[in-house]
Amino acid sequence: ARPASHQDRSQNSIESQSDIILEYTADGCLTYLNNSYCENVGRVRGDLIGTSVFEVVHEEQVVTLKSLLGRISRELPCVTGESQLLGKGGDLQYFEWSSTASFDREGKISSILSIGRDVTARVRAARELAENEMRFRDFAEAGADRFWETDKNHRYIYMSPPSGAMKRPSEELIGELPWDVSARQ
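Let me sum up the structure you'll find in this document. Model, not experiment: these values are computed from the prediction. By convention here, each chain's residues receive numbers from 1 onward along its written sequence. pLDDT decides what is reported in this predicted model: residues at 70 or higher carry local features, side-chain atom pairs at 80 or more are listed and counted, and totals for whole chains, interfaces and linings draw on all residues regardless. With hydrogens and water set aside, each side-chain value is computed from the structure's full complement of heavy atoms.

1. Thoughts on the nonpolar core
Line of reasoning, step 1. Buried residues of nine kinds, namely Ala, Val, Leu, Ile, Met, Phe, Trp, Tyr and Cys, make up a nonpolar core once their side-chain atoms join them within 4.5 Å. Buried residues are those whose accessible area, probed at 1.4 Å on protein chains only, stays under 20% of the maximum for their type, while exposed residues exceed 50% and partly exposed ones sit between those limits. Counting 25 residues, the largest nonpolar core has Leu22, Leu30 and Tyr37 as its most contacted members.
Line of reasoning, step 2. Here a helix means four or more residues in a row that DSSP labels H or I, a strand means two or more in a row labelled E, and each is numbered from the N terminus. Among the secondary structure elements, those contributing two or more residues to this core are strand S1 (20–24), strand S2 (30–33), helix H2 (35–41), helix H4 (62–70), strand S3 (78–86) and strand S4 (92–103).
Line of reasoning, step 3. What Leu22 contacts, discounting residues up to four positions off in sequence, is Leu30, Tyr32, Leu33, Tyr37, Val53, Trp97, Ile112, Leu113 and Ser114. Whether two residues are in contact is decided by their heavy atoms: any pair within 4.5 Å suffices.

2. Let's talk about the side chain of Asn40
Line of reasoning, step 1. Assignment of secondary structure puts Asn40 in helix H2.
Line of reasoning, step 2. The contact partners of Asn40, leaving out residues within four places of it in the chain, are Ile20, Leu85, Leu86, Gly87, Lys88, Gln93 and Phe95.

3. Some points on the packing of aromatic side chains
Line of reasoning, step 1. Each pair of aromatic rings taken from Phe, Tyr and Trp, with Trp reduced to its six-membered ring, is defined by centres within 6.5 Å and is described as stacked if the planes are under 30 degrees apart, edge-to-face if over 60, and tilted in the remaining cases. The full count for this structure, using the stated rule, is three aromatic pairs.
Line of reasoning, step 2. Residues Phe136 and Tyr158 carry aromatic rings whose centres are separated by 5.6 Å and whose planes lie at 55° to one another, so their mutual orientation is tilted. One end of the pair, Phe136, is in helix H5 (residues 120–142); the other, Tyr158, is in strand S7 (residues 156–159), with 22 residues separating them in the sequence.
Line of reasoning, step 3. The class of Phe136 is partly exposed, set by a relative accessible area of 32%.
Line of reasoning, step 4. Exposure remark for Tyr158: the relative accessible area of 6% places this residue in the buried category.
Line of reasoning, step 5. When the ring of Trp148 is compared with that of Tyr156, the centres are 6.0 Å apart and the planes differ by 80°; the resulting orientation is edge-to-face.
Line of reasoning, step 6. The criterion is that NZ of a Lys, or CZ of an Arg, lies within 6 Å of the ring centre and within 35 degrees of the ring normal, and then a charge sits over that ring. The side chain of Lys66 reaches across the aromatic face of Phe54, ending 5.0 Å from its centre.

Take a look at the structure:
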């Protein structure tokens, strides 16, 4: 058996990536996609080549994606952004994309190569953290006692609403040191 050529090794490397790799024309017609893309959308490569890249993004994301790709120019050949992709089970997956254009001799876009990394877990964790923060704030604002959080330098970074003897608004106390506040009470 003859050794694999550089081109064969490169192709094998691209096909084995967990990131999604797509190539398409300026109007969105898919000309190449790797195995990871097919696995994520649950479709066969042969059925996707020649279709529009906009068919598999969430319908609310088409305008956003077109706007992002519309920013590509000779002066700005690479853009990044996030969009949702409809997964094989109909679930929404979040991807961070880096898209780079190639240009012909006239300066027109000849193709766009997009690499997408699944950031669904990160997006969901950030959403859950924001929800937990909101629950905490709701709890803090409904409580009868006043409590606070300080940074490593002991300055207030959070203060629940006024109650009891301390009536100064919370916003006035952010950035203050506890001993400075106590001295002024």
